[in-house]
Amino acid sequence: MRLEGSDDEPPEVAAAFDALANGEPEAALTAAARIEDAGERALVEARAYLDLAMLSAAGGAVERARAALGEGDADVVELEGELALDRWDLEGAERAFAALASEERDPWILERLALLADHRGDAERSHAMMAEAQRLDPSRPEPIRFSEAEFDVVVEEALASLAPDFARRLENVRLVREPVPFRDLTDPTDIAATPPDILGLFVGPTIHDLAEGSSGELPPTIYVFQRNLERMVGSRDELAEQIRITLFHEIGHLLGLDEDGVAGMGLA
């Protein structure tokens, strides 16, 4: 997200934005409590709650930001788009990001519109958005796109690079390629756990469930989402590495680990 502070911000505001940039949303909330300006405080809180996947709290913070700064404020509109995206309100997200793009061709906003185009099945528009983002910001890698067959070869290369102990865990697991995730894959009780830009997903019984004789309705399945993976890399080598990381992560869930456990094993 492009939300950031300016050079002349008060120290407490700068501390909050630094914490967000460093991936420390809890620290950002602590710093936000010391921000006097209601609008600035609400913006930081909304971003931090989004990072923590606390959508109800994020919604309240967005409402406070809108009340303080106005519904047309660019930062507010961007947060509305991010919140809609995390809630799987893709039409609402597109309205917000398209409104921003009509005012300013920002690379981050174009990347969000590319994601939404992929969810509509419009790969050509998605690629065009990513190409425009790269032209505006040459530090970004040039967008890549593989055919399904080419992508499958990269997946096989990533599988071949896994350590034998991890590879064995996948012997009876379905590996499914999809362009992007779809709403039916989300958990209705925790929709934020499966955002539209997720790279991979494990569903079905874990190793422990199978050992206890509980097979569930679906076999163990790992999904890899081709377009989401392609949008974050700039080369075949980077794609292979990101697929390998994604597979490691989902193998951790196959083993029954939650997100903290996966991170503790170095699989995050």
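Here the structure is a predicted model, which is why all the values come from computation and not from measurement. Residue indices follow the written sequence of each chain, beginning from 1 at its first position. In view of the model being predicted, local features appear only for residues whose pLDDT reaches at least 70, and side-chain atom pairs are presented and counted only at 80 or more, with totals across whole chains, interfaces and linings using the full set of residues. Excluding hydrogens and water, the side-chain figures rest on all heavy atoms present in the structure.

A.B. asks: Hey, could you run me through the packing of aromatic side chains in this one?
C.D. replies: A ring pair, where both rings are aromatic, is described by two values, the distance of the centres and the angle of the planes. Under the pairing criterion, centres of Phe, Tyr and Trp rings, with the six-membered ring standing for Trp, must be within 6.5 Å; the plane angle then separates stacked pairs below 30 degrees from edge-to-face pairs above 60, leaving the rest tilted. All told, the structure shown has two aromatic pairs when counted by the stated rule. Arranged with centres 6.1 Å apart and planes meeting at 5 degrees, the rings of Y223 and F225 form a pair that is stacked. Considered together, Y223 and F225 belong to a single accessibility category, that of buried residues. Here a set of aromatic residues connected by ring pairs shows up, and it is made of F182, Y223 and F225. Across the ring face of F248, the terminal group of R244 is positioned such that the distance to the ring centre comes to 5.0 Å. Accessibility here uses a 1.4 Å probe with only protein chains present; expressed as a share of the type maximum, an area under 20% marks a residue as buried, one over 50% as exposed, and anything in between as partly exposed. We count a charge as sitting over a ring when the NZ of a lysine or the CZ of an arginine lies within 6 Å of the ring centre and within 35 degrees of the ring normal.

A.B. asks: So what exactly am I meant to see when it comes to the environment of G23 here?
C.D. replies: As for its position among the elements, G23 is in the loop between α1 (11–21) and α2 (25–32). You can call G23 exposed: its relative accessible area is 53%. Separated by 29 residues in sequence, G23 and L52 have C-alpha atoms that sit 10.0 Å apart. Helix and strand assignments follow DSSP, with helices taken as H or I runs no shorter than four residues and strands as E runs no shorter than two, numbered in order from the N terminus.

A.B. asks: Would you mind showing me how to read unusual backbone geometry here?
C.D. replies: Of note in this structure, A53 is not a glycine but carries a positive phi near 60 degrees. Tracing the backbone shows A53 in the loop between α3 (38–51) and α4 (55–69). Given a relative accessible area of 39%, A53 falls into the partly exposed group. A positive phi angle is found at W88, which is not glycine, with a value near 65 degrees.

A.B. asks: How do you make sense of the environment of E80 when you look at a structure like this?
C.D. replies: Looking at the secondary structure, you find E80 in helix α5 (residues 74–86). Residue class for E80 comes out partly exposed when judged on its relative accessible area of 24%. Along the chain, E80 and R95 lie 15 residues apart, while their C-alpha atoms are 9.7 Å from each other. Between two residues, a contact is recorded if the distance between any of their heavy atoms is within 4.5 Å. Not counting residues within four places of it along the chain, the set of residues in contact with E80 comprises V62 and R66.

A.B. asks: Sorry if this is basic, but what is going on with the pattern of salt bridges here?
C.D. replies: Pairing of side chains with opposite charge becomes possible as their charged atoms draw close. Each salt bridge in this description consists of a side-chain nitrogen of Lys or Arg and a carboxyl oxygen of Asp or Glu lying within 4 Å of one another. Considering all chains together, one arrives at 17 salt bridges under this definition. Measuring nitrogen to oxygen at the nearest pair gives 3.2 Å for the salt bridge that ties E157 to R236. Linking E157 in helix α9 (residues 148–160) with R236 in helix α13 (residues 236–254), this pair joins segments that are 79 residues apart in sequence. The closest approach of N and O atoms between R244 and E241, which form a salt bridge, is 2.8 Å. Taken together, the residues span about one helical turn, with R244 and E241 both in helix α13 at a distance of three residues. Residue classification places R244 among the partly exposed residues on the basis of a relative accessible area of 22%. Residue classification places E241 among the partly exposed positions, given a relative accessible area of 35%. Residues joined by salt bridges that share partners form a network here, namely D118, R227, E230 and R231.

A.B. asks: Would you take a moment to explain the side chain of E230 for this structure?
C.D. replies: For E230, the position within the fold is in helix α12 (residues 226–231). Within the structure, the side chain of E230 is placed 3.0 Å from the backbone nitrogen of F146, a separation counted as a polar contact. Ignoring anything within four residues of it in the chain, the contact list for E230 reads I144, R145, F146, F151 and L239. Under this definition, polar contacts are N or O atom pairs within 3.5 Å; protein pairs additionally need one hydrogen-donor-capable and one acceptor-capable atom, and for neighbouring residues in sequence, both atoms have to be side-chain atoms.

A.B. asks: It is not clear to me how the sheet that holds strand β3 (residues 221–225) should be interpreted in this structure. Could you clarify?
C.D. replies: Strand pairs in the sheet, formed through backbone hydrogen bonds, run parallel or antiparallel to each other. Any two strands with at least two DSSP bridges between them are considered paired. Taking strand neighbours across the sheet as the criterion, the three strands line up as β1-β3-β2 in an open arrangement whose pairing is mixed. The open sheet terminates on both sides in strands that have one partner only, identified here as β1 (174–178) and β2 (200–203). For this sheet the average axis-to-axis angle between neighbouring strands, irrespective of direction, equals 20 degrees. Note: β1 against β3, five bridges, orientation parallel. Its bridge partner being in β3, R174 is matched across the sheet by T221. Each axis is a line fitted through C-alpha atoms, and for a helix only the stretch in contact is used; angles between axes span 0 to 180 degrees, taken between their N-to-C directions. Each of β1, β2 and β3 is contacted by α13, which is oriented at about 20 degrees to β2, the strand it contacts most.

A.B. asks: Can you walk me through the packing of α5 against helix α7 (residues 107–119) in this structure?
C.D. replies: Two quantities define a packed helix pair, namely the angle between the axes and the distance from one axis to the other. Orientation of α5 relative to α7, taken along the N-to-C sense of each, is 25 degrees, at an axis distance of 12 Å. In terms of their interaxial angle, α5 and α7 are classed as roughly parallel. Crossing of α5 over α7 shows left-handed handedness. Each of E78, E82 and L85 in α5 lies in contact with α7, whose residues at this interface are W108, I109, R112, L115 and L116. All residues other than Ala, Val, Leu, Ile, Met, Phe, Trp, Tyr, Cys, Pro, Asp, Glu, Lys and Arg, Gly among them, are scored as polar; the first ten of these are nonpolar and the last four charged. Considering only residue class, the contact of α5 with α7 consists of five nonpolar, no polar and three charged. Orientation categories follow fixed angle ranges, with anything under 35 degrees roughly parallel, anything over 145 roughly antiparallel, 65 to 115 roughly perpendicular, and all other angles oblique. Crossings are classed by handedness, with left-handed meaning an anticlockwise turn of the near helix from the far one by less than a right angle and right-handed meaning a clockwise turn.

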